[in-house]
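Examining the three-dimensional arrangement
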Amino acid sequence: MPEEPAENISGGPDGGGIESAFEPSPDPATRAEAVVDRLGDIYWQKAYGGQDAFECLVRTVLSQNTSDVASQPAHDALMARYGEGGEEWEDDLAVSLADAVRDELAETIASAGLYNQKSKTLIRLADRIVEEYGGAEGFDEFVTGGDPAEVRSTLLDMKGVGPKTADCVLLFSGGRGGVFPVDTHVHRIARRMGLAPPDADHEGVRECLEQDVPPEKCGFGHTAMIQFGRDYCKARKPACLDDPEACPMADRCDQVGVYPDTGEVVDPREASDVAD
Ligand code: SF4
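This one's a predicted model, so the numbers in the text were calculated from it and none came from an experiment.

**Let's talk about the overall build of the protein**
Check the secondary structure of the protein and you find 12 helices and 2 strands. Reading the protein from its N end, one meets helices and strands in the order α-α-α-α-α-α-α-α-α-α-α-α-β-β. Taking 19 Å as the expected radius of gyration for a compact globule of 276 residues, we find that the protein reaches 19 Å, a close match to that expectation. Here the C-alpha coordinates of the protein stretch approximately 60 × 40 × 35 Å along the principal axes.

Right, here's the structure in full:
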């Protein structure tokens, strides 16, 4: 079974947090649960949670609009400079980043792309977290101990934090079971497979998956579905397009918007069998 990739939204095997695996069910209650269980057969099996909340926020902001392969080195460089033991370390990661010189931070995280915008976002978030929670530790207490709905709406109120970033912080640091962040891969795959309506937006897909996947499997489902999207169910060329046997999920998939007969692939909301 392949290991969790080192470059992953979770931080990979070295990302920190709790160490535990979810148990696949002998009798999944929904198709979505059966899909997640099978992802566990194909990939790694891991439950998430327990990461430092502010570092998790930093990691997710760096990952916006780029691949984990590009954002992981930026995260590592940022931590080497502004994290504990780094030359700009000020006893707390949020304090270190709040005081960062923007050009220097931008240069440090250049490999993640959009470094001007991301450096501004990180400094602004760090400022707010120092002001409201006194630093990374106080923020961590809020994320791990606060009411999840309140934590989510507080995070969404921060400029530069969208639903996926808020959910990743809740999941990877808060260890909140039942949080299934939806990125572009999850949004595409869930609707193609028929796990969510073809015209569902990101929030709609999140609601369907959080309803149908048991809480302890949601975090794994998120990370593994992204990997599945990279390996098999690609945006323009899903594996089943040329070879019906090539996808390990074929027997559980409705192939909405995927037409192997003609080689055509469209967004599920534009699929001829569901469009008006
Ligand atoms: S059968 Fe095709 S559309 Fe369905 S999950 Fe596999 S690759 Fe994606």
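**Some words on the packing of helix α1 (residues 31-42) against helix α12 (residues 215-231)**
At a minimum axis separation of 9 Å, α1 and α12 run at an interaxial angle of 70 degrees. As far as their axial angle goes, α12 and α1 are roughly perpendicular. Between α1 and α12 lies a crossing of left-handed hand. Seen from α1, the contacting residues are Glu33, Val36, Leu39 and Gly40; seen from α12, they are Lys217, Phe220, Gly221, Ala224, Met225 and Phe228. For the contact of α1 with α12, the per-class residue count stands at 6 nonpolar, 2 polar and 2 charged.

**As for the environment of Gln45**
In this fold, Gln45 is placed in the loop between α1 and α2 (53-63). Along the primary structure Gln45 and Leu93 are separated by 48 residues, whereas in three dimensions their C-alpha atoms are 30 Å apart.

**Quick word on the site of the ligand**
The immediate surroundings of the ligand are formed by 13 residues, with Cys233, Pro238, Cys240, Cys247 and Cys253 found nearest. Of the residues assigned to the shell around the ligand, the class counts are 11 nonpolar, 1 polar and 1 charged.

**Focus: the environment of Leu93**
Following the sequence through the fold, Leu93 ends up in helix α4 (residues 93-98). Counting along the chain gives 14 residues from Leu93 to Met79, while the straight-line C-alpha distance between them is 8.4 Å. Setting aside chain neighbours within four positions, we find Leu93 in contact with Phe54, Glu55, Tyr82, Gly83 and Ala136.

**Concerning the domain arrangement of the protein**
Per the domain assignment, the segments of the protein are domain 1 (1-48 + 175-276) and domain 2 (53-163). On a C-alpha basis, the centroid separation for the pair domain 1 and domain 2 is 27 Å.

**Focus on the nonpolar core**
Residues Phe54, Ala94, Val169 and Ala190 are the most contacted members of the largest nonpolar core, which totals 65 residues. Ranked by the residues each element gives to this core, the list is headed by α2, at 7 residues.

**Notes on helix α6 (residues 115-133)**
The first and last C-alpha atoms of α6 sit 26 Å apart over 19 residues, in line with the 27 Å expected at 1.5 Å per residue. Those residues of α6 that fall on the buried side of the exposure criterion are Tyr115, Lys118, Ser119, Thr121, Leu122, Leu125, Ala126, Ile129 and Val130. Within α6, the buried residues cover an arc of 160 degrees as seen down the axis, which keeps them to one side. Opposite its buried face, α6 presents the exposed residues Glu131 and Glu132, each directed more than 90 degrees away. For α6, the elements touching its buried residues are α2, α4, α5 (102-108) and α7 (136-145). Phi turns positive one or two residues past the end of α6, at Gly134, with a value near 80 degrees.

Basis of the calculations
Residues numbered from 1 in each chain as written. Predicted model: local features only at pLDDT ≥ 70, side-chain atom pairs only at ≥ 80, totals over all residues. Helix = DSSP H or I, 4+ residues; strand = E, 2+ residues; numbered from the N terminus. Rg over C-alpha atoms; globule rule 2.2 N^0.38 Å. Axes fitted to C-alpha atoms, helices over the stretch in contact; angles between N-to-C directions. Parallel < 35°, antiparallel > 145°, perpendicular 65-115°, else oblique. Left-handed = near helix turned anticlockwise from the far one by under 90°. Contact = placed C-beta atoms within 7 Å. Nonpolar A, V, L, I, M, F, W, Y, C, P; charged D, E, K, R; others polar. Near = placed C-beta within 6 Å. Domains from an automatic or database assignment. Core = buried A, V, L, I, M, F, W, Y, C linked by C-beta atoms within 7 Å. Buried ≥ 20, exposed ≤ 12 C-beta atoms within 10 Å, placed from the backbone. Expected span 1.5 Å × (residues − 1). Arc of directions from axis to C-beta.

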